Amino acid sequence: AALPFQNKHEAIASCKTDTELFQLMNPEGRYYKLNCQNLVKGPRPRPPTLEFRQHSGTSNYKKVSAWIRFCTALVYNSANGPRPPALSLLEGDDQGDDLFNLLFDTVIEDRFLKEFFLKRKLQHQEESERDVDLIGVVNKKSTTPVGIQNICHGEGNTSAICLSPPLPNSDWEALPCRLPANLSPSEKAEVLRKVSLEDRTQYFSYSDFPISKNSERRMEEVSKIVSREIFTNNWKLGKYSCARCNQILYMSADKFRGPCLWPSFRKAERARSLYTRPLATGSYNGYRCAVHEIYCGTCKLFLGHKIADGRESGDDHPEAGDRHCVLSLSLKFHALYWNPPIYSV
């Protein structure tokens, strides 16, 4: 029989051995949402694995990747991270939402995963309410609703609606990335003699406020040579700080694969982390959308540019809007104490 919420955790806390805990979790075999049977010591040794059976079958790589990251983070962080607040502190009728927030804020500690599964939860609620009506409308031969491209098959052979992405802004135009000048081998050697990842003092001296065109181009040249723009393809979990003053600027959850040489972020860790300075329309690389210079909000180190073309440049996140194009040498990366494999979520 199902135990009341409080009694479940009291029963878990009362277990004296691993075997007692596994028997409590799986009293009648392995077919439970969390299968611990491979951890039970028996006559035939088994690989010591946990089996998570909560997720429905899917071939959607984003869902598969997010689920792998979630399960791995749950196991590793539960064993190695700080102990979360007692569940007995949760009261009232909203324990489900409280548990969700407690789990992601104190155990999983991955804002991207929290947003991903919260979005999935809301999508499930919306789909259950609208699927029948929408599918009925699309199957009519008269008209097709605006925004609906086609009917596709989702999990469990259940028909789902595929919504077309929003059209780009009419005055947006794809422009080639402005690359720094190619320096000669002797010039590159001179840069590497003066600037390194360990000592960026000379690089910092090039930054002024507001940044001049010559200083901006010099910082771009030096950043490319010294850092090789390593953060463009860095998909580990963590935080990015100002390389000069260590002010936290960006979170890995807000990074996306942009169209140019520099790493791209959709937003700052918080608004006051940055200082932005608007540029006249068309003055930077010919962009007709809004463009701002961006600086560290604490020490005013030049970072790069904020361009209002995030969605058009490949960001499919619900919050897509701006693209922060940032010089890698202006950043430092602080990895979480553990990073799961990245599967292009």
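Residues numbered from 1 in each chain as written. Predicted model: local features only at pLDDT ≥ 70, side-chain atom pairs only at ≥ 80, totals over all residues. Heavy atoms only, no water.

J.: How would you sum up the sheet that holds strand S6 (residues 248-251)? Please name residues and give values.
T.: Spatial strand order, S6-S5-S13: 3 strands in an open sheet with antiparallel pairing. The sheet is open, and its two edges are formed by S6 and strand S13 (331-335), each paired on a single side. Looking at each pair of strands side by side, their axes are set apart by 30 degrees on average, direction ignored. Examined bridge by bridge, strand S5 (residues 238-242) and S13 share 5 bridges and lie antiparallel to one another. Bridged to Gly238 within S13 is Ala335. (Pairing = 2+ DSSP bridges. Helix = DSSP H or I, 4+ residues; strand = E, 2+ residues; numbered from the N terminus. Axes fitted to C-alpha atoms, helices over the stretch in contact; angles between N-to-C directions.)

J.: Could you give me a rundown of the pairing of strand S12 (residues 323-326), with the residues and numbers involved?
T.: What you see with S12 is no split at all: Arg323 and Cys325 on one side and His324 and Val326 on the other are buried throughout. One ladder, built from 2 bridges, connects strand S8 (residues 264-265) with S12; its direction is antiparallel. Looking at the pairing, Ser264 lines up with Cys325 of S12. With 4 bridges joining them, strand S11 (residues 302-307) and S12 adopt antiparallel strand pairing. Bridge assignment links Lys306 to a residue of S12, and that residue is His324. (Buried < 20%, exposed > 50% of the residue type's maximum accessible area, 1.4 Å probe, protein only.)

J.: So what about the sheet that holds strand S9 (residues 274-278)? Which residues, and what values?
T.: One open sheet holds the 6 strands; their spatial order is S7-S8-S12-S11-S10-S9, and the pairing between them is antiparallel. A strand with exactly one partner marks an edge of an open sheet, and here the two such strands are strand S7 (255-256) and S9.

By themselves, these observations are geometric and do not establish any function.
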